[in-house]
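One-letter residues, chain by chain:
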4 protein chains.
Amino acid sequence: MAGNTFGKIFKLTTFGESHGEAIGGVIDGCPSGLKLDFDAIQNELNRRKPGQSEIVTQRKEPDTVEFLSGIFEGITTGTSIGFIIKNTNQKSKDYSHIKDVYRPSHADYTYEKKYGVRDYRGGGRSSARETACRVVAGAVAKQLLKEVKINAYTSSVGDIFLEKPYQDLDFSKTESNAVRCPDSETAERMISKIKKIKKQGDTIGGTVTCVLQDVPIGLGEPVFDKLHAELGKAMLSINAVKGFEYGSGFCGAKMTGSEHNDLFNEDGSTKTNLSGGIQGGISNGMDIYFRVAFKPVATIIQKQDALDSSGNIVEMQGKGRHDPCVVPRAIPIVEAMAALVIVDYYLHNGIYN
Amino acid sequence: MAGNTFGKIFKLTTFGESHGEAIGGVIDGCPSGLKLDFDAIQNELNRRKPGQSEIVTQRKEPDTVEFLSGIFEGITTGTSIGFIIKNTNQKSKDYSHIKDVYRPSHADYTYEKKYGVRDYRGGGRSSARETACRVVAGAVAKQLLKEVKINAYTSSVGDIFLEKPYQDLDFSKTESNAVRCPDSETAERMISKIKKIKKQGDTIGGTVTCVLQDVPIGLGEPVFDKLHAELGKAMLSINAVKGFEYGSGFCGAKMTGSEHNDLFNEDGSTKTNLSGGIQGGISNGMDIYFRVAFKPVATIIQKQDALDSSGNIVEMQGKGRHDPCVVPRAIPIVEAMAALVIVDYYLHNGIYN
Amino acid sequence: MAGNTFGKIFKLTTFGESHGEAIGGVIDGCPSGLKLDFDAIQNELNRRKPGQSEIVTQRKEPDTVEFLSGIFEGITTGTSIGFIIKNTNQKSKDYSHIKDVYRPSHADYTYEKKYGVRDYRGGGRSSARETACRVVAGAVAKQLLKEVKINAYTSSVGDIFLEKPYQDLDFSKTESNAVRCPDSETAERMISKIKKIKKQGDTIGGTVTCVLQDVPIGLGEPVFDKLHAELGKAMLSINAVKGFEYGSGFCGAKMTGSEHNDLFNEDGSTKTNLSGGIQGGISNGMDIYFRVAFKPVATIIQKQDALDSSGNIVEMQGKGRHDPCVVPRAIPIVEAMAALVIVDYYLHNGIYN
Amino acid sequence: MAGNTFGKIFKLTTFGESHGEAIGGVIDGCPSGLKLDFDAIQNELNRRKPGQSEIVTQRKEPDTVEFLSGIFEGITTGTSIGFIIKNTNQKSKDYSHIKDVYRPSHADYTYEKKYGVRDYRGGGRSSARETACRVVAGAVAKQLLKEVKINAYTSSVGDIFLEKPYQDLDFSKTESNAVRCPDSETAERMISKIKKIKKQGDTIGGTVTCVLQDVPIGLGEPVFDKLHAELGKAMLSINAVKGFEYGSGFCGAKMTGSEHNDLFNEDGSTKTNLSGGIQGGISNGMDIYFRVAFKPVATIIQKQDALDSSGNIVEMQGKGRHDPCVVPRAIPIVEAMAALVIVDYYLHNGIYN
């Protein structure tokens, strides 16, 4: 099924292993005539890149994107846009010790069983490094969606939750701290939690909330390609994601219809928005919001049992430089995937054309 | 984007409105040589059909499937399988009162805005009636997946939760009660809850848990078409679904890596299974399990405000015969969609061929 | 690869065997708000149906299309359009004699080898009967393409060629004779040729030329989905087609660049049109024209050797009622497939939206 | 419609302009465990590259492919294979004179009208240079199809035809001359014809015949994705192609059924093969052969009228270094596209798995 393409009209196809020469991708279906803001694209990559703060992996990668085609004199030509990001920090020796070892809760074992061969260096294709290519394409998509506001932020780290509803937050503050939580007080607690976990050589999970505002009414293609179904697939395809909910989500399953129904205002907007901006799989013009659950990173700097390729349980200890919590770096990835979903519907509905 | 097709190799394309002449679909890509058990297919439809118990809508529909092609002397020929289910119970008058009214938290408003025209009778295409076609295709898929055990059940209704883990349940008991919860004591409480809600003219949400056992190792196509991403999209495409989580799900986001990692046994199985049978988007041979959240049905038999097409708030009251809780009838739909996802990977990996 | 779907945005999925209960299809992606002219649709089916003249098969089939969904009060709703055409003339006994026989140059042998089982009645799925579903969808597509003129006609039967270029023809005359050649004198010779061949119990091939006028500039998606590549695939997918050429076609391969180049007029049109209205895979606003080669029908009413399933050569003689020449009935099919190709690009380019 | 991807399971997505930094592509869906012969891949590129003989363009491009991912220690890993070919010979000044000029029978005009902007250097995306990426992917595909023999050759240049049927040819001689015609005497005449045309500053068309041998029975997915329909689309997507025919092709349209039918031998093979190895869209085990028509290159080194962007007719003269006849360099491209079509069906049918 060749699973390395996302989208139907604005299509992203990616390639690349963590420790190969480069990762990259092709964006096919981008409309022509878009004057690209390259700084904005690089800025999104910088939000994702390692080494940006003390609570993320200290690995250093410049993550500089090079565009190879589809752009002429700074403007998209409507032809496919090829790009690469060179891997400059390939400490393969860091990984030689896991050549024949399957780390617990990693993809080592399943890749080996599925493909019979794997690039074990840094997780190869299963490394979250591939998400840099999603960020590049998402950054291009965002430039086609100028009127749509896409804001993701860290809504929980472990058992520390940002209790405020998104309406009470100032998204301009999200980038003001390392954990990307727009509430500074909560951010502080999240950061110290992550530092504490890191000191223990452990890792911790968290959740990201994403809010899409000013999305036009009518996006979504029932019955299978509903807007929230595509958003869900997009988020679940991100490394370490374990769950997705939109609007009232799992809480909605505890409610009654009389509590849950969103009553209309005369202009078609609704007084409440438990629907999360989507009804029948189609955007209704209200804010779209959803929550994504990330598991703790599997690589911990503690001794634990692993399996080797001969079927022996062997003790191993994570080396290399890993994230104690993926959530801060996942924010731009969630935004990028949301942008890719929205732009695909945009183009299908001839909104951009 | 023509969103009425699901699957890439085993493809289901559906059509049909709640109150049209018939609903139906085409299954394309089904291997030849499969001797179909038609009773088993009809039995799945019977599990979904209305009027089967006192806690579901009392509308009567036989939901008899008629196969029109792709089968010769009871055996699939490898050509596309067309089928229809006639609509025998089209009480359109029941719906005349909503011709110009958008019911709260229904798809009336979004369909009208997206398409400019809609078949308002019984929700038209947005009616859950279309899921009958998914059940037909899923029942065919199940017959290609004989060794895979697919068991869904009701795990919560409102605030009544089935606390037992799936390992402690006897799935053979799921069909022994109207709410399809394999724990009879919990089932009783769920049923009385639904009856109470129904008496109030209200509705209630719930969750479905689904367990896939004996799935071969190696299903899933990273990086975008990961197994859990496709399962998530499949479930989110079902009417009224608000959330999806697999394995540790949202709880996993609260955990640490040292708690969450699944340590290996020497045979490659794992001592725990917080991964939910999927690592790196690929099945690892352990049980796959996930949970799906359903919102309460929007149609309630209480007075509430609606919006009419002229922009006036009008009082309306649900008529017709509706489900107080969709979850019991959703069980076969969840199983069907899971089967469609698995069979697609099966065929792609040449397992069936 | 589930090959029963055509198109990417305006998608047609078909099903049905020659002698099953019905054939049919689903049109997904048709825009909403189109008031359908059902007589025009049935009229296209009538142009294709058997028994319409003395030079086609005398089999009688009313070929009445029944729409089951996607249309409300005569207007498309934007949801998938399901339709069926009942098979009313299933003389299966006509085919019992070929149950275990592979007819020369039919699909009997390849279907049996590929699928291991086949519906041998009337060729089953390989029968040209399935093209009736293409005509239905094409007729809907034509109604979305009102300004585009699509005219196909018979340009040769055996060695009788219509020598005049299409510019010298009056397309309104195409339907004025049974062979659908707009030049009455040539039509006469073609008809008598077919009658002579028929009397011999033999069949004859021919070619269809199709002209698309007033197609907007800019249709086509290089580098793989060029306009003429999709047109070629569409035509080659029709039963009995052996070749496709557009513009100068195979003659162009004998020419020099100085002869072949189409010089511009100041308005961007060209003085000549050897390009056939397409440059670089994209329409240039000039007339698009192409030619399609049809082989002679394989079923002849003469004794010939066939192969039986036990590997014996057996003498057989075609029974049933077959076309001495498929070309006259192929005209609406060629037009339908052309319309499906054009409408898909239309919608992709947001022209209709 | 994002037309830069070919194939459904073994998918090639390409990018790159003639004079950008690099062209390249992604091969997604290549099975794992294939030990790649890199020399064989480069050799195919060398057959296509410019400057290889005196009858092709004298432009010099090494066309060295660099693989960036999907391969570990020389073996495919089952992940997407990214590759680039750097453009080393970007004489953009050669093209400055056509910045605002639309050359006759080039894609300049249609690209400008479709996209509103174009990379005019060397034809940009419309340059045949992109076919180098097809050759890379085709060379990988060929290595998955070891038992299938794929042989293309030049069957005509202008009015010089290779009269011998392919059965009388020794394909090992195809590479023995610059025009790639396996019959040395005909090759001589073709070569001198091309030299004569070149001296006149003109160009000439030609045809390529391709023969696929030892293709397994059963490839092809009716009713739309017939084997010859996909082959036709693949060939028509190659620059300068005007027509495609297989088996008896356009000649078949002149024949009678009694002449055209291929009678069986007892082993299921046929005494004749006018069907061209395909019946009902499915391979029957006989040789598959088809013919592709190429128009003369539009760029001639003679004065001719062109159109400028202000709507003036201007005299221009082709500069740069162009092919007097594309056919010799098209041979490996035709073979590559054939390999891509066949491998896709292979994988779908689980033959390779």
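Residues numbered from 1 in each chain as written. Chains lettered and ligands numbered in written order. Predicted model: local features only at pLDDT ≥ 70, side-chain atom pairs only at ≥ 80, totals over all residues. Heavy atoms only, no water.

K.L.:
Please provide a residue-by-residue account of the overall build of chain A, values included.
P.N.:
Per the secondary structure count, chain A includes 9 helices and 17 strands. In terms of overall size, chain A behaves like a compact globule, its C-alpha atoms giving a radius of gyration of 21 Å where 353 residues would be expected to give roughly 20 Å. Taken along the three principal axes of its C-alpha coordinates, chain A extends 65 × 50 × 35 Å. Each of the 353 residues in chain A was classed as buried or not, and the buried ones make up 71%. Within chain A, contacts between residues separated by at least 24 positions form 70% of all contacts whose residues are at least 6 apart in sequence. The positive charge centre, built from 43 side chains, and the negative charge centre, built from 43, are 6 Å apart in chain A. (Helix = DSSP H or I, 4+ residues; strand = E, 2+ residues; numbered from the N terminus. Rg over C-alpha atoms; globule rule 2.2 N^0.38 Å. Buried < 20%, exposed > 50% of the residue type's maximum accessible area, 1.4 Å probe, protein only. Contact = heavy atoms within 4.5 Å. Lys, Arg positive; Asp, Glu negative; His and termini not counted. Charge placed at Lys NZ, Arg CZ, Asp CG, Glu CD.)

K.L.:
An account of the sheet that holds strand β8 (residues 101–102) of chain A is requested, with residue identities and associated values reported.
P.N.:
Residues and elements named next belong to chain A. Spatial strand order, β8-β16-β17: 3 strands in an open sheet with antiparallel pairing. What marks the edges here is a single partner per strand, and that holds for β8 and β17 (313–317). Relative to strand β16 (residues 303–308), β8 runs antiparallel, the two being bridged by 2 bridges. Counterpart to V101 in the pairing with β16 is D308. (Pairing = 2+ DSSP bridges.)

K.L.:
Now, about the nonpolar core: what can you tell me, with residues and values included?
P.N.:
By size, the foremost hydrophobic cluster in this structure holds 359 residues, and its most contacted members are A:F290, B:F290, C:F290 and D:F290. Residues contacting D:F290, with those up to four places away along its chain left out, are D:V208, D:T209, D:C210, D:L212, D:L231, D:M235, D:F244, D:E245, D:Y246, D:V334 and D:A338. (Core = buried A, V, L, I, M, F, W, Y, C linked by side-chain atoms within 4.5 Å.)

K.L.:
Tell me about the relation of the copies chain A and chain B, and please be specific about residues and values.
P.N.:
You can overlay chain A on chain B at an RMSD of 0.0 Å; the transform is a turn of 180° with a shift of 0.0 Å along its axis. These values place the two chain copies in the arrangement generated by a two-fold rotation axis. An overlap of 100% is found between the interface residues of chain A and their copies at the interface of chain B, pointing to a shared contact surface. (Least-squares fit on C-alpha atoms with pLDDT ≥ 70 in both.)

K.L.:
Run through unusual backbone geometry, naming residues and quoting values.
P.N.:
Of note, the bond from A:P222 into A:V223 is cis; its omega dihedral lies within 30 degrees of zero at 5°. Of note, B:D63 is a non-glycine position whose phi angle comes to about 50°, a positive value. Here B:S105, not a glycine, exhibits a phi torsion of approximately 60°, which is positive. In this structure, B:S105 sits in the loop between β8 (101–102) and α3 (108–115).

K.L.:
Tell me about the interface of chain B and chain D, and please be specific about residues and values.
P.N.:
With 5 residues of chain B at the interface, the matching set in chain D holds 5 residues. At the junction of chain B and chain D, the tally comes to 0 residue pairs in polar contact (both at pLDDT 80 or more). Here the side of chain B that touches chain D is composed, by residue class, of 1 nonpolar, 4 polar and no charged. (Polar contact = N/O pair within 3.5 Å; in protein donor to acceptor, adjacent residues only side chain to side chain. Nonpolar A, V, L, I, M, F, W, Y, C, P; charged D, E, K, R; others polar.)

K.L.:
So what's going on with the relation of the copies chain B and chain D? Which residues, and what values?
P.N.:
Laying chain B over chain D is done by rotating through 180° and shifting 0.0 Å along the axis; what remains is an RMSD of 0.0 Å. A high fraction, 100%, of the interface residues of chain B reappear at the interface in chain D, so the copies pair face to face through one surface.

K.L.:
Go over helix α9 (residues 327–348) of chain B, please, and point to the residues and values.
P.N.:
Residue and element names in this part refer to chain B. Its 22 residues place the ends of α9 32 Å apart at the C-alpha level, agreeing with the 32 Å of an ideal helix rising 1.5 Å per residue. Most of α9 sits inside the fold, with 22 of its 22 residues counted as buried. Note on α9: the residue one or two positions beyond its end, G350, has a positive phi of about 65°. (Expected span 1.5 Å × (residues − 1).)

K.L.:
An account of the environment of D:L162 is needed here, citing residue identities and associated values.
P.N.:
Residues and elements named next belong to chain D. Mapping L162 onto the fold places it in the loop between β10 (160–161) and α5 (184–199). Residue classification places L162 among the buried residues on the basis of a relative accessible area of 9%. Along the primary structure L162 and D225 are separated by 63 residues, whereas in three dimensions their C-alpha atoms are 31 Å apart. Residues within four places of L162 in sequence aside, it is in contact with Y153, T154, S155, L169, C181, P182, D183, T186 and M190.

K.L.:
Outline the packing of aromatic side chains, listing residues and values.
P.N.:
All told, the structure shown has 42 aromatic pairs over all chains when counted by the stated rule. Residues B:Y166 and B:Y289 carry aromatic rings whose centres are separated by 5.4 Å and whose planes lie at 40° to one another, so their mutual orientation is tilted. Highlighted residues: B:Y166 in the loop between β10 (160–161) and α5 (184–199) and B:Y289 in strand β15 (residues 288–294), separated in sequence by 123 residues. According to the relative accessible area criterion, B:Y289 is buried, its value standing at 16%. Judged by centre distance (5.4 Å) and plane angle (55°), the ring pair of C:F264 and D:Y109 falls under tilted. Residue C:F264 is located in the loop between α8 (257–260) and β13 (278–279), and its partner D:Y109 is located in helix α3 (residues 108–115); the two belong to separate chains. (Phe/Tyr/Trp six-rings, centres within 6.5 Å; stacked < 30°, edge-to-face > 60°.)

K.L.:
Quick rundown of the sheet that holds strand β10 (residues 160–161) of chain C? Include the residues and the values.
P.N.:
The strand order β10(C)-β9(C)-β11(C)-β15(C)-β12(C)-β12(D)-β15(D)-β11(D)-β9(D)-β10(D) describes an open sheet built from 10 strands, whose pairing is antiparallel. Either end of the sheet is taken by a strand with one partner, and the two such strands are β10 of chain C together with β10 of chain D. Note that strand β12 (residues 241–246) of chain C and strand β15 (residues 288–294) of chain C share 5 bridges and pair antiparallel. From the neighbouring strand, C:Y246 faces β15(C), where its bridge partner is C:F290.

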